[in-house]
Amino acid sequence: MHDLSLRTGFYKSTILRLLSTLIEHGCVLRLDNGTYQPGPTLARWGRLYLGSVKSETHITPLLEKLAGDTGESATFYARQSDETRICVARVDSNRSIRDHVRVGDIAPLGTGAGGKVLLRFDPAIRKARPQETMVIVSIGGRDSEIAGLGTPVFGAGGSLRGAMTVSGTVTRFTEAAIAKYAKALLTSAMELTVLFGGDPQAHQAALGSNPIRLEFSPKGKLCAS
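Residues numbered from 1 in each chain as written. Predicted model: local features only at pLDDT ≥ 70, side-chain atom pairs only at ≥ 80, totals over all residues. Heavy atoms only, no water.

Student: Quick question: what am I supposed to make of the overall build of the chain here?
Tutor: When you go through the chain residue by residue, the secondary structure sums to 7 helices and 9 strands. A buried classification covers 42% of the 225 residues belonging to the chain. Put simply, of all contacts in the chain between residues at least 6 apart along the chain, 54% involve residues at least 24 apart. Working note: accessible area of the chain is about 12,400 Å², and carbon and sulfur atoms make up 54% of it. (Helix = DSSP H or I, 4+ residues; strand = E, 2+ residues; numbered from the N terminus. Buried < 20%, exposed > 50% of the residue type's maximum accessible area, 1.4 Å probe, protein only. Contact = heavy atoms within 4.5 Å. Areas by Shrake-Rupley, 256 points an atom, 1.4 Å probe, with all protein chains shown as cover.)

Student: Whenever I open this one, the nonpolar core confuses me. Can you help?
Tutor: The tendency in soluble globular proteins is for nonpolar side chains to be buried as a group. If you look at the biggest cluster of nonpolar residues, it comprises 43 residues, and the most contacted ones within it are Leu-63, Phe-76, Val-135, Leu-149, Met-164 and Leu-192. Ranked by residue count, the leading element in this core is helix α6 (residues 175–195), at 9 residues. Not counting residues up to four positions away in its chain, the partners in contact with Val-135 are Leu-149, Gly-150, Thr-151, Ala-182, Leu-185, Leu-186, Ile-212, Arg-213, Leu-214 and Glu-215. (Core = buried A, V, L, I, M, F, W, Y, C linked by side-chain atoms within 4.5 Å.)

Student: Explanation requested: the packing of aromatic side chains in the structure shown.
Tutor: Aromatic ring pairs are described here by two measures, namely the spacing of the ring centres and the angle between the planes. Within the structure shown, the criterion is met by 3 aromatic pairs. Ring centres of Phe-76 and Phe-196 lie 6.5 Å apart, and the angle between their planes is 35°; on these two criteria the pair is classed as tilted. Of this pair, Phe-76 sits in strand β3 (residues 73–79) while Phe-196 is found in the loop between α6 and α7 (201–208), placing the two residues 120 residues apart along the sequence. Across this residue pair, the class does not change: Phe-76 and Phe-196 are buried. Geometry around Phe-196 places Arg-161 over its ring, the cationic atom sitting 4.0 Å from the centre. (Phe/Tyr/Trp six-rings, centres within 6.5 Å; stacked < 30°, edge-to-face > 60°. Lys NZ or Arg CZ within 6 Å of the ring centre and 35° of its normal.)

Student: Would you explain the sheet that holds strand β8 (residues 160–169) in this entry?
Tutor: Hydrogen bonds along the backbone pair up the strands of a sheet, which may run parallel or antiparallel. Judged by pairing direction, the sheet is mixed, and its 7 strands sit side by side in the order β5-β4-β3-β8-β7-β6-β9 without closing on themselves. Every interior strand has two partners, whereas the edge strands, β5 (106–108) and β9 (214–216), have only one. Going across the sheet, the axis of each strand differs from the next one's by a mean of 30°, ignoring polarity. The strands touched by helix α5 (residues 112–120) are β3, β4 (84–91), β6 (135–139), β7 (146–154), β8 and β9; relative to β8, the strand with the most contacts, the crossing angle is about 155°. α6 rests against β3, β6, β7, β8 and β9 of the sheet, and its axis sits at about 30° to β7. (Pairing = 2+ DSSP bridges. Axes fitted to C-alpha atoms, helices over the stretch in contact; angles between N-to-C directions.)

Student: When you look at the packing of α6 against α7 in this model, what are you seeing that I'm missing?
Tutor: When two helices pack together, their arrangement is given by the angle between their axes and by how far apart the axes lie. Between α6 and α7, the shortest axis-to-axis distance is 9 Å and the interhelical angle comes to 160°. Overall, the two elements α6 and α7 adopt an arrangement that is roughly antiparallel. For the element pair α6 and α7, the recorded crossing hand is left-handed. Every residue of α7 that contacts α6 at Lys-183, Leu-186, Thr-187, Ala-189, Met-190 and Thr-193 is listed here: His-203, Gln-204, Ala-206 and Leu-207. Split into classes, the residues belonging to the contact of α6 with α7 amount to 5 nonpolar, 4 polar and 1 charged. (Parallel < 35°, antiparallel > 145°, perpendicular 65-115°, else oblique. Left-handed = near helix turned anticlockwise from the far one by under 90°. Nonpolar A, V, L, I, M, F, W, Y, C, P; charged D, E, K, R; others polar.)

Student: I tried to follow the side chain of Thr-84 on my own but got confused; where do I start?
Tutor: For Thr-84, the location among the structural elements is in strand β4. Engagement of the side chain of Thr-84 in a polar contact is seen with the side chain of Gln-80, the distance being 2.9 Å. Within polar-contact distance, the side chain of Thr-84 engages the side chain of Ser-81 at 2.7 Å. In contact with Thr-84, not counting residues within four places along its chain, are Arg-79, Ile-106, Ala-107, Pro-108 and Leu-109. (Polar contact = N/O pair within 3.5 Å; in protein donor to acceptor, adjacent residues only side chain to side chain.)

Written out as structure tokens, the structure reads:
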């Protein structure tokens, strides 16, 4: 109690009164040894919140911002089966020449930046890699004229909620453009990870690296910047 008083600046009597209310509503549990821990009500509220995260209210606005920041199309993919992924949300680039993907379209895993992200970061098969590259670049992987960047979006408990991507024509994905797009992509994916109740630490670390570490798949030839 003394530590709480020092850290919050509240009187002990105020802290006891607040704790009593939180305990009454199940937000805090008092253990036999006199310490406290979060209560079950917080878990119920968390489930209610995560269930309210819908594409139209959270994913699409972030894709709109990402498309505006990069000038390229922005997409959110989720794993549909052991072999396929589905486009959950999409915001097209306003450029006349772009790739064409629609909400509901199904594509194979392992192709394109989004598919490779869903395979790489699947918690059921991945191994812990402290220095793991967070941005995968696909040059002509799904289509010889299309390039894309992808990064994972995490949820509560380290779950993989999906892959966020930026895509466009190969000619526009120069070294300079990819570096710019990667930062915008990581920022948007980090925001969505937070909204899904996930840990954004890996995205923050990637954004803090200079330059951002990228993994190219396949090893395509970049255009001159």
